[in-house]
Amino acid sequence: MKTNDLPEHSAPIAFTLNGRAVEAAPGETLLKAAQRAGVAVPHLCHQDGLRSPGNCRACVVEIDGERVLAPSCCRSPTPGMVVTTDSPRAAAAQKTVLELLLSDAPDTAALKHDSELAHWAGIAGARAGRFPARAAAAQDLSHPAMTVNLDACIQCTRCIRACRETQGNDVLGLAFRGGHAQIVFDQNDPMGSSTCVACGECVQACPTGAIAPANGAYAKVSDKTVDSVCPFCGVGCQLTYHVSDEKIEHVEGIAGPANEGRLCVKGRFGFDYAHSPERLTRPLIRRADAPKDPHAVMRRDWKTLFREASWDEALDVAANGFKQAMASTTARGRQGPVAGFGSAKGTNEEAYLFQKLIRTAFATHNVDHCTRLCHASSVAALMEGLGSAVVTNPLRDVEHADFVLLIGANPAQNHPVGATWIKNAVKRGMKLVLADPRRTELARHSWKHLGFQPGTDVALLNALLHTIVFEGLTDPAYIEAHTLDFAQLKAHLVDFSPEAMAPVCGIDAATLREVARAYATAKNSMILWGMGISQHTHGTDNARCLIALSLITGQIGRPGTGLHPLRGQNNVQGASDAGLIPMVLPDYQKVSDVHAREKAEHLWNLPPGTLGSEAGLTVVEIIDAAHRREIRAMLIQGENPAMSDPDATHAREALAGLDHLVVQDIFLTETASLADVVLPATAWPEKTGSVTNTDRCVQLGRKAVRAPGEARADAWITEQLARRLGLDWTYGVAADGTATEDAHGGIGAVFEEMRAMMPSIAGLSWARLQREGAVTYPVSSESDPGHPVVFTDGFPTASGRATLVGANVTPPAEVPDATFPMVLITGRQLEHWHTGSMTRRSGVLDALEPGPVVSLHTTTAQRLGLQAGAVAQVRSRRGTVALPVRLDDAMPLDTAFIPFAYAEAAANLLTNPALDPVGKIAELKYCAVDVRPAVLTQESAPV
């Protein structure tokens, strides 16, 4: 073995393996050194990525001079050591161990076609039946996603280590003693009744199939495997689809940069939405006898609303409707009659084409997507302060942090794999402060939980800033070299002492000072935040405070520091980068910048002056304009504003009142039910394209299965519409979502045009992305490896410095009163995503969380006369829903939480559309409500 085959930055250790001179790195095990040398050694308790306990003894080897055989998975070589893996003594021991394990797991081949036990038994010549089998154990079929068959369990404990040490969930354990020992969930509970979060890490770790997918997918060989990216949250986990008969049978995590093989319940078990019988398979045109009813958008048989059509007819009707809308007025720009909502769940290429279509076909910047309802205020503050809206450090940088402030986010539910890295870092000694009105899952891992009063974020953060500034905990050298306006910030903070802010935010002054000191004095401190920060009328102010915390302490520009607003959907970062925002072109080039417009016009072959200089309307502004009949036609791709927009009744009325609405989607969503034309699109596993995760990592998603019926790729649909609207587009995107490896046509050509307009990915060619699969921008040239950490030596502003901006304490737009005395918080939950259009059509996910609930603290529920399971009526100034109560003592008093994935009790019927004046984001995280026992009628009973 050559020294350069060793892990990097290691001094080799020379030893002898099976009579051959080899080298190992310090700390490397005998098993790993043997594997690199091409020597196969049986092993079962060992798995790459897990700690190796050496308890199965299948990997024992003989070491000269030692009396007993040594487990090679947890023994490291020393200089001059002589090791034999296949001596008669070692081989006999390995074979005996495997035969003993075979007696414990007689049916492994039936449970898992590629059982590691069966594999190594075959290599070692071990035979079943040499030892008596143990008594059969009962199967546990209590969980919708997984089955447990302890007959096949060899107690290697890989599942326990995967659960506890990798995912940090502490559900699995080894109970009882001696021959009665067995793997258990919690206190020997059925799996389905335990605290298991169904991440499936145990399934992936099990070598025999003792824990396996409930659908029996492990029992047969898949026709093919396809590596891709998860379609759900912004973490961007890489995975492998296992496909048979054009159907995804199961999913496994692979070693992507964001997940290293880890997945959550959605990524591992939520794939079957793509095969739902509710998929749209042919274009639909609204029936003349089916008027649009904004008050009846629940899923219904499409035949009552639409008729099927050919693609040519549907595209012609779609395009002609837009032409008529354009002909109805001469107004353009913000006053134009057409607008578009793109999708954060499609590819970068689809987002790029969509915004280009709206801007060039309709001469307007009225194009937006869900970032307006997620992180628009964060983006506004970051652009203002740092000159860039990107995250400064990847999420996994928590591994290098000594202190992490996690505020307004619930990663255990919304970014579960990201939460595992946080839990792992805590175990290594990182101090976690969770600032959230709710005591969420990560609170038990935190050093401090700051359960502040909802809506008082600025008060809490200003108190931290005050402490750091007036106790002399700032980094003066950094402030002097890299920031502007510190003196103004200091003067602003005089009145915001912890003692003054404690009564406002509900956290005592001593705790506020302790947290501020810990953040400022840690070697590396990092801030993570979510929509609990951004979805407020003061969301931009919230983010301004976080930016100031990082800048005045110099906690930015290094590994383990910086600012990371956790992106929500799988491509919200990429869709924003690609220009799916009304005030910027791709790469955040302002539409008011004449040079940016000229660059786009040249690249898009447009006459000079075609693109306007006035920013378009945002999501909520578009809906308001449609309600006023100023926007008359809309194109919506993969978004569901009838569910996702605040004051959903108002949004549904606006959509129903349009003269022309065209929706591209994979299901008949609540929004699609109000359309004039519905165009069936492809699901994520049915197309190839790039996506950009929360870490700025551009990754390649690959087509795994065919789309059903006549469903077509969104990029193909966009190109066909463009041609019918008079644009000379010749990309040649494939209708079936297939992409060629070269960049001469199709999606590759779109990507090449996109990077020509985007300096951030100028060095990332389509060929390189095909070759490497994942690259983190900025990447300026083909030889540039990418930069996970940015702002190491300055900021992309005119001065090269960041600007410090102070924030005043302002109340939410709507506060509780005598009529509406409680606070409503909305959000996502672990098993469902966004408006539920995908996850509620997944059999496993919907079985785990089949219906809506309102979560209340036990004390609050008792005061209201409500018990667990009782139906509550939740009412705001905008609407009313009825849904069962879930008791949750992690909730603050007099506060309710409702997930917004359920059409039958849509949380956004209640929420407040009041906007942050800068970010133009709605106050989805706070409104006043009344909660009381529901008086049910047959019509009002929850589904």
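Structure shown above.
Everything quoted here is computed from the prediction, not taken from an experiment.

**Student:** What is the right way to read the packing of aromatic side chains from this model?
**Tutor:** Working definition: an aromatic ring pair is given by the centre-to-centre distance plus the angle between the planes. For the structure on display, the rule yields 8 aromatic pairs. Pairing Tyr352 with Trp604 gives two aromatic rings, centres 6.3 Å apart and planes at 75°, and the pair type is edge-to-face. A residue pair is termed long-range when its members are at least 10 positions apart, and Tyr352 in helix 9 (residues 348-361) and Trp604 in the loop between helix 21 (594-603) and helix 22 (619-627) qualify at 252 residues. The class for Tyr352 is buried, based on a relative accessible area of 0%.

**Student:** Mind showing me how you'd approach the sheet that holds strand 29 (residues 689-692) here?
**Tutor:** The strands making up a sheet are joined through hydrogen bonds of the backbone, oriented either antiparallel or parallel. Taken together, the 3 strands give an open sheet; going across it, the order is 29-30-31, and neighbouring strands pair in antiparallel fashion. With partners counted over all chains shown, the strands left at the sheet margins are strand 29 and strand 31 (774-776), one partner each. The average angle at which neighbouring strand axes cross in this sheet is 25°, direction not considered. Strand contacts of helix 9: strand 29 and strand 30 (697-701), with the helix running at about 90° to strand 29, the strand carrying the most contacts.

**Student:** Help me out: how do you make sense of empty space enclosed by the protein in this one?
**Tutor:** According to the stated counting rule, one finds 14 cavities of 30 Å³ or more in the structure shown. Size it by volume and the largest cavity reaches roughly 460 Å³. In terms of lining, the largest cavity is formed by 35 residues, of which the most central are Gly408, Met531, Gly532, Thr826 and Lys925. For the lining of the largest cavity, the secondary structure elements donating two or more residues are helix 11 (411-414), helix 18 (531-534) and strand 33 (822-827). The calculated volume of the second largest cavity comes to roughly 360 Å³. Along the walls of the second largest cavity sit 28 residues, with Ser343, Lys345, Gly638, Asp665 and Met838 positioned nearest its centre. Grouping the amino acids of the lining of the second largest cavity by side-chain chemistry returns 9 nonpolar, 13 polar and 6 charged.

**Student:** What is the right way to read the layout of surface pockets from this model?
**Tutor:** To find leftover empty space, one rolls a probe the size of a water molecule over the atoms. Looking at the largest pocket, its volume works out to about 1000 Å³. The wall of the largest pocket is formed by 43 residues, among which Val197, Gln413, Glu441, Leu830 and Glu831 lie closest to the centre. Only helix 11, helix 12 (416-427), strand 36 (880-887) and strand 37 (895-899) provide two or more residues apiece to the lining of the largest pocket. Of the residues forming the lining of the largest pocket, the biggest block, 4 residues, is contributed by helix 12. The residue inventory of the lining of the largest pocket, partitioned by class, reads 19 nonpolar, 13 polar and 11 charged.

**Student:** Would you explain the side chain of Thr474 in this entry?
**Tutor:** Here Thr474 lies in the loop between helix 13 (457-470) and helix 14 (476-482). Looking at Thr474, the relative accessible area reads 19%, which means it is buried. Apart from residues lying up to four places away in sequence, Thr474 is in contact with Ile468, Val469, Ile479, Phe486 and Ile552.

**Student:** How should I be thinking about the pattern of salt bridges in this particular structure?
**Tutor:** When charged atoms on two side chains of opposite charge get close, those side chains can pair. Considering all chains together, one arrives at 52 salt bridges under this definition. In this structure, Lys32 engages Asp48 in a salt bridge whose closest nitrogen and oxygen atoms are separated by 3.0 Å. Of this pair, Lys32 sits in helix 1 (residues 30-36) while Asp48 is found in the loop between helix 1 and strand 3 (60-63), placing the two residues 16 residues apart along the sequence. Residue classification places Asp48 among the exposed positions, given a relative accessible area of 53%. In this structure, the salt-bridge partner of Glu62 is Arg89, at a minimum N-O distance of 3.6 Å. Here Glu62, found in strand 3, pairs with Arg89, found in helix 2 (residues 88-104); they are 27 residues apart in sequence, far enough to count as distant. By relative accessible area, Glu62 is classed as partly exposed at 22%. Here Arg89 falls in the partly exposed class, since its relative accessible area comes to 37%. One network of salt bridges, in which partners are shared, links Glu471, Glu499, Arg513 and Arg517.

Conventions adopted
- Every chain begins its residue count from 1, and numbering advances along the sequence as written.
- Whole-chain, interface and lining totals are the exception, using all residues; otherwise, since this is a predicted model, local features are given only for residues with pLDDT of at least 70 and side-chain atom pairs are given and counted only at 80 or more.
- Derived side-chain values reflect all non-hydrogen atoms in the structure, with water molecules and hydrogen atoms excluded from consideration.
- In summary, the pairing rule links any two rings of Phe, Tyr or Trp, Trp by its six-membered ring, whose centres are within 6.5 Å, and it sorts them by plane angle into stacked for under 30 degrees, edge-to-face for over 60 and tilted for everything else.
- Segments assigned H or I by DSSP are reported as helices when at least four residues long, segments assigned E as strands when at least two residues long, and all are numbered from the N terminus.
- Relative accessibility decides the category of a residue: with a 1.4 Å probe and only protein chains considered, values under 20% of the type maximum give buried, values over 50% give exposed, and everything between is partly exposed.
- The rule for pairing is simple: two strands pair if DSSP sees at least two bridges between them.
- In this analysis an axis means a line fitted to C-alpha atoms, helices contributing only their contacting stretch, and an angle means the value between N-to-C directions, from 0 to 180 degrees.
- The contact criterion used throughout is that any non-hydrogen atoms of two residues lie within 4.5 Å.
- The pocket and cavity definitions rest on a 1 Å grid over protein atoms only: a 1.4 Å probe that fits but cannot leave marks a cavity, an open set with protein on both sides within 12 Å along at least five of seven lines marks a pocket, and residues lining either have an atom within 4 Å of a point.
- Grid points are joined across faces, edges and corners, and a volume is the space filled by probe spheres set on the points.
- Classification convention: Asp, Glu, Lys, Arg as charged; Ala, Val, Leu, Ile, Met, Phe, Trp, Tyr, Cys, Pro as nonpolar; all other residues, Gly among them, as polar.
- Here, a salt bridge means any Lys or Arg side-chain nitrogen found within 4 Å of an Asp or Glu carboxyl oxygen.

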